[in-house]
Amino acid sequence: MFPSYPAPEGFTVRSTKAQVRAEILAARRTVDPQVRDAEAAALCSYLGAVVKAGQTVCAYVPVGSEPGSPGLLDALLGHDVVLLLPVARHDADGTPLPLRWGRFRPGELVAAPFGLREPAQPWLPSDALADAAVVLVPALAVDRGGVRLGRGAGFYDRTLPSADPRAALVAVVRDDELVDHLPSEPHDVRMTHALTPRAGLVALDSRATP
C-alpha cells in the first residue's frame, strides 16, 4: 500500500491547461521521497504487461518530480527490448524540433539542454518513432479520453504524429493525474493507455469526442 499524498484539485471542464499544470506541479513537489520511490518501483512491476521481448520501445529519462526513475530504463532492458530515448533541440529561431532518438545503453547517458540526460550520438531521425510498438510519454495528466497534458514545450506535439497508428501510446502519470477531463486542442495526439503506480496499465478511450 502507498501512503496517502496530496492530490491536485479543481480539474474542471473550464480549467485552462496553465491552471492544471500549475496545480499538478505544485502537488508533485509535496510528494515524500519515500512515496516517490515506492511509486517508481510499482511502475517497473507493470512493465511485463506493457512491452514484449523484441519490440522497439521509446521511453524517456524521468527528471525532477516526474513519476518513475532511471531504474525504469534498466527494467525495460530486462524485458529484451530495443530502447530509444529522446533528444530535444530547438531550431535557430527557438522553435522546438521533432524529437530525435538515440539507443539507450546503461552508463552512457550524457548531459543535455533543459537539465535532461540523453543518449550519446549517433542519433536516429525523428521518424524512427514509427518503428516503436510502445511509446512511454511523459505527462502531467491524462484524461479518460486519452487527452494528454504535457509541460507545454511542444516537442511531443511535433513528434507523436509520426508514431505507428497501431502503437501503444502510454502516458506515465501518478494515480490522481488520471482524470475525467482535460482541456484539449485539435492537434492533440491522444494516448491509448495510462500507466499509474496503483492501477497499472489502463486502457483509454482515444476515440472519445472532446
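These numbers were taken from a predicted model, which means no experiment stands behind them. (Residues numbered from 1 in each chain as written. Predicted model: local features only at pLDDT ≥ 70, side-chain atom pairs only at ≥ 80, totals over all residues. Heavy atoms only, no water.)

1. Here we look at the sheet that holds strand β1 (residues 56-58)
Spatially, the seven strands line up as an open sheet ordered β3-β2-β1-β6-β9-β11-β12, and their pairing is mixed. What marks the edges here is a single partner per strand, and that holds for β3 (100-103) and β12 (200-203). Along the sheet, successive strands turn relative to each other by an average axial angle of 30 degrees, direction set aside. (Pairing = 2+ DSSP bridges. Helix = DSSP H or I, 4+ residues; strand = E, 2+ residues; numbered from the N terminus. Axes fitted to C-alpha atoms, helices over the stretch in contact; angles between N-to-C directions.)

2. Concerning the sheet that holds strand β7 (residues 141-143)
Across the sheet, which stays open at both edges, the three strands sit in the order β8-β7-β10 with mixed pairing between neighbours. The outermost strands of the open sheet, each flanked by one partner alone, are β8 (148-149) and β10 (178-179). Relative to β10, β7 runs parallel, the two sharing two bridges. Bridge assignment links Val142 to a residue of β10, and that residue is Leu178.

3. Some thoughts on the UniProt feature "binding site: substrate" (unreviewed entry) in the protein chain
Look at the UniProt record and you will see "binding site: substrate" (unreviewed entry) annotated at Val61 and Glu66. The topology assignment puts Val61 in the loop between β1 and α3 (71-77). Once residues within four sequence positions are removed from consideration, Val61 is found in contact with Glu66, Leu73, Leu85, Leu109 and Arg117. Exposure remark for Glu66: the relative accessible area of 11% places this residue in the buried category. Those residues in contact with Glu66 that sit more than four places away from it in its chain are Arg28, Tyr60, Val61, Pro138 and Arg151. In terms of polar contacts, Glu66 uses its side chain to reach the backbone amide nitrogen of Val63, at 3.0 Å. (UniProt positions renumbered as here; feature names shortened; annotations may be inferred. Contact = heavy atoms within 4.5 Å. Buried < 20%, exposed > 50% of the residue type's maximum accessible area, 1.4 Å probe, protein only. Polar contact = N/O pair within 3.5 Å; in protein donor to acceptor, adjacent residues only side chain to side chain.)

4. A word on the pairing of strand β6 (residues 134-138)
With five of its five residues buried, β6 lies for the most part within the structure. Both faces of β6 are covered, namely the face carrying Val134, Leu136 and Pro138 and the face carrying Val135 and Val137. Direction of pairing for β1 relative to β6: parallel, over a ladder of two bridges. When the sheet's bridge partners are listed, Val57 is paired in β6 with Val134.

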